[in-house]
Amino acid sequence: MSEFHNSVWSDLTGVSFSQGFLDAGGIRTRFIASGSPDKPLLLLLHGTGGHAEAYSRNLGAHGEHFHTVAIDLIGHGWTDKPAKGYEIGDYAAHVLKVMDALGRKRASISGESLGGWVAAYIAIHHPERVEKLVLNTSGGWTAHPEVMNRLKTLSMEAVNDPNPERIRQRLEFLMHDKCKVNDDLVETRRAIYAQPALKAVMPEILCLQEMEIRRRNMFTPEQTLHIKAPTLVLWTSHDPTATPEEGRNIASSIPGAKFVVMNECGHWPQFEDAPLFNRIHLEFLRAE
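Let me sum up the structure you'll find in this document. (Residues numbered from 1 in each chain as written. Predicted model: local features only at pLDDT ≥ 70, side-chain atom pairs only at ≥ 80, totals over all residues. Heavy atoms only, no water.)

What about the overall build of the protein chain?
- When helices and strands are tallied, the protein chain shows 13 helices and eight strands.
- Relative to the 2.2 N^0.38 estimate, which gives 19 Å for 288 residues, the radius of gyration of the protein chain is 17 Å and therefore close to what a compact globule would have.
- Dimensions of the protein chain, computed from C-alpha atoms along their principal axes, come out at roughly 45 × 45 × 40 Å.
- A burial count over the protein chain gives 56% of its 288 residues as buried.
- As presented, the protein chain carries roughly 11900 Å² of accessible surface, and 53% of it is formed by carbon and sulfur atoms.
- Averaging the locations of the 30 positively and 35 negatively charged side chains of the protein chain gives two centres separated by 3 Å. (Helix = DSSP H or I, 4+ residues; strand = E, 2+ residues; numbered from the N terminus. Rg over C-alpha atoms; globule rule 2.2 N^0.38 Å. Buried < 20%, exposed > 50% of the residue type's maximum accessible area, 1.4 Å probe, protein only. Areas by Shrake-Rupley, 256 points an atom, 1.4 Å probe, with all protein chains shown as cover. Lys, Arg positive; Asp, Glu negative; His and termini not counted. Charge placed at Lys NZ, Arg CZ, Asp CG, Glu CD.)

Quick look at the structure:
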């Protein structure tokens, strides 16, 4: 008897969801959404080189309580790919245009890695737009050359030669348990990385892995103190980008932030241990 086949589709079995495109200030932006539009808005933001499927295992649980919208950030996934404009302020401007297109002034924003960096930027510079903030193995505070070089190398290899093995290696970077990278996830990303437009723009997307550019986008202690939204900093025991102690330091620098570590997970805890992530995440987002 063959082992059950894991796929994005099986993740969404039984989930009422929609996939489509919206116009975010002239950027054709792809989204996957669950939950009724009359519920509070929850935006889910993926990491560098990622796409909305990073949240395929979270849409069902969160759609019960929120209008949950996972997007492909500018330049990523199936969203438009302008030639330039991939620093944190550029991503944040795009996300705010997404909110405008959805007709919302405020949202809770949960971001993983790059997505957390963008979410925190919005919380600092546009506090009136953020209900609650979740920083999931977030960028914005750390700069480790070996990690940055590894991410650049794996990403460029995958987009220059988008064969299944290269794509699998890039996805395995995200996981503590490499077996969690299933064939369907590989094919989903392979199709995205095979786009000529993504190959052309990937060096720009990776600009934040260049130390000078990264440092000018990182948050100062003074900026961090300006985060007023209730904040959850969620880290993991085996994150490849920063240690749990570094995550704890981020949380301690944000007024009133809550800090949680998920064990036996890497850079995608929302995917590796979705039941636990969903419970922790919803407990925070739904708290009065």
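A look at the side chain of aspartate 11
- The residue aspartate 11 is located in helix α1 (residues 8-11) in this model.
- A relative accessible area of 17% places aspartate 11 in the buried class.
- A distance of 2.8 Å separates the side chain of aspartate 11 from the side chain of serine 56, its partner in a polar contact. (Polar contact = N/O pair within 3.5 Å; in protein donor to acceptor, adjacent residues only side chain to side chain.)

Some remarks on the nonpolar core
- Residues Leu43, Tyr91 and Val118 are the most contacted members of the largest nonpolar core, which totals 93 residues.
- The element best represented in this core is helix α4 (residues 114-125), accounting for eight residues.
- Setting aside residues no more than four positions away along its own chain, tyrosine 91 makes contact with Leu73, Ile74, His76, Tyr86, Leu114, Val118, Ile205 and Leu208. (Core = buried A, V, L, I, M, F, W, Y, C linked by side-chain atoms within 4.5 Å. Contact = heavy atoms within 4.5 Å.)

Digging into the side chain of serine 7
- Within the fold, serine 7 resides in the segment before α1.
- When neighbours within four sequence positions are excluded, serine 7 is seen to be in contact with Asn182 and Asp184.

Some points on the packing of helix α5 (residues 145-160) against helix α6 (residues 164-172)
- α6 packs onto α5 with a crossing angle of 155° between their chain directions and a minimal axis gap of 8 Å. On the basis of the axis angle, α5 is roughly antiparallel to α6. Of the two elements, α5 crosses α6, and the hand of that crossing is left-handed. Where α5 approaches α6, its residues Leu151, Leu154, Ser155, Glu157 and Ala158 are matched on the opposing element by Arg166, Ile167, Gln169 and Arg170. (Axes fitted to C-alpha atoms, helices over the stretch in contact; angles between N-to-C directions. Parallel < 35°, antiparallel > 145°, perpendicular 65-115°, else oblique. Left-handed = near helix turned anticlockwise from the far one by under 90°.)

Thoughts on the pattern of salt bridges
- For the structure on display, the rule yields twelve salt bridges.
- A salt bridge links arginine 30 to aspartate 72; its shortest N-O distance comes to 3.1 Å. Linking arginine 30 in strand β2 (residues 27-34) with aspartate 72 in the loop between β4 (67-71) and α3 (88-101), this pair joins segments that are 42 residues apart in sequence. Summarising the burial analysis for this pair, arginine 30 and aspartate 72 share the class buried. (Salt bridge = Lys/Arg side-chain N within 4 Å of Asp/Glu carboxyl O.)

What to know about the pairing of strand β3 (residues 41-45)
- For β3, a buried count of five out of five residues is recorded, marking the element as mostly surrounded by other parts of the structure.
- Going residue by residue along β3, you find Leu41, Leu43 and Leu45 tucked away on one face and Leu42 and Leu44 tucked away on the opposite face as well.
- Looking at chain direction, β3 and β4 are connected through five bridges and run parallel. The residue of β4 that forms the bridge with leucine 41 is histidine 67.
- Bridge count for β3 against strand β5 (residues 107-112) is four bridges, and the pairing is parallel. (Pairing = 2+ DSSP bridges.)

Observations concerning empty space enclosed by the protein
- Enumeration according to the criterion identifies one cavity of 30 Å³ or more in this entry.
- By volume, the largest cavity is sized at about 270 Å³.
- Lining the largest cavity are 26 residues, and of these Ser113, Leu151, Arg214, Thr241 and His267 sit closest to its centre.
- Considering each element in turn, the lining of the largest cavity owes the most residues, three residues, to α5.
- Split into classes, the residues belonging to the lining of the largest cavity amount to ten nonpolar, twelve polar and four charged. (1 Å grid on protein atoms, 1.4 Å probe; cavity = no way out; pocket = protein on both sides within 12 Å on 5 of 7 lines; lining within 4 Å. Points joined across faces, edges and corners; volume = space filled by probe spheres on them. Nonpolar A, V, L, I, M, F, W, Y, C, P; charged D, E, K, R; others polar.)

Digging into unusual backbone geometry
- At threonine 137, a position not held by glycine, the phi torsion is positive, near 40°.
- By the secondary structure assignment, threonine 137 is in the loop between β6 (130-136) and α5.
- Judged by its relative accessible area of 0%, threonine 137 is buried.
- A positive phi is found at glutamate 264, a non-glycine position, where the angle reads about 60°.
- Checked against the element boundaries, glutamate 264 lands in the loop between β8 (258-262) and α12 (269-272).
- Classification of glutamate 264 by relative accessible area gives exposed; the value is 51%.

Digging into the environment of arginine 150
- The residue arginine 150 is located in helix α5 in this model.
- Take arginine 150: its relative accessible area is 46%, and that puts it in the partly exposed class.
- In the structure, arginine 150 is positioned 84 residues away from phenylalanine 66 in sequence and 36 Å away in space, judged by C-alpha atoms.

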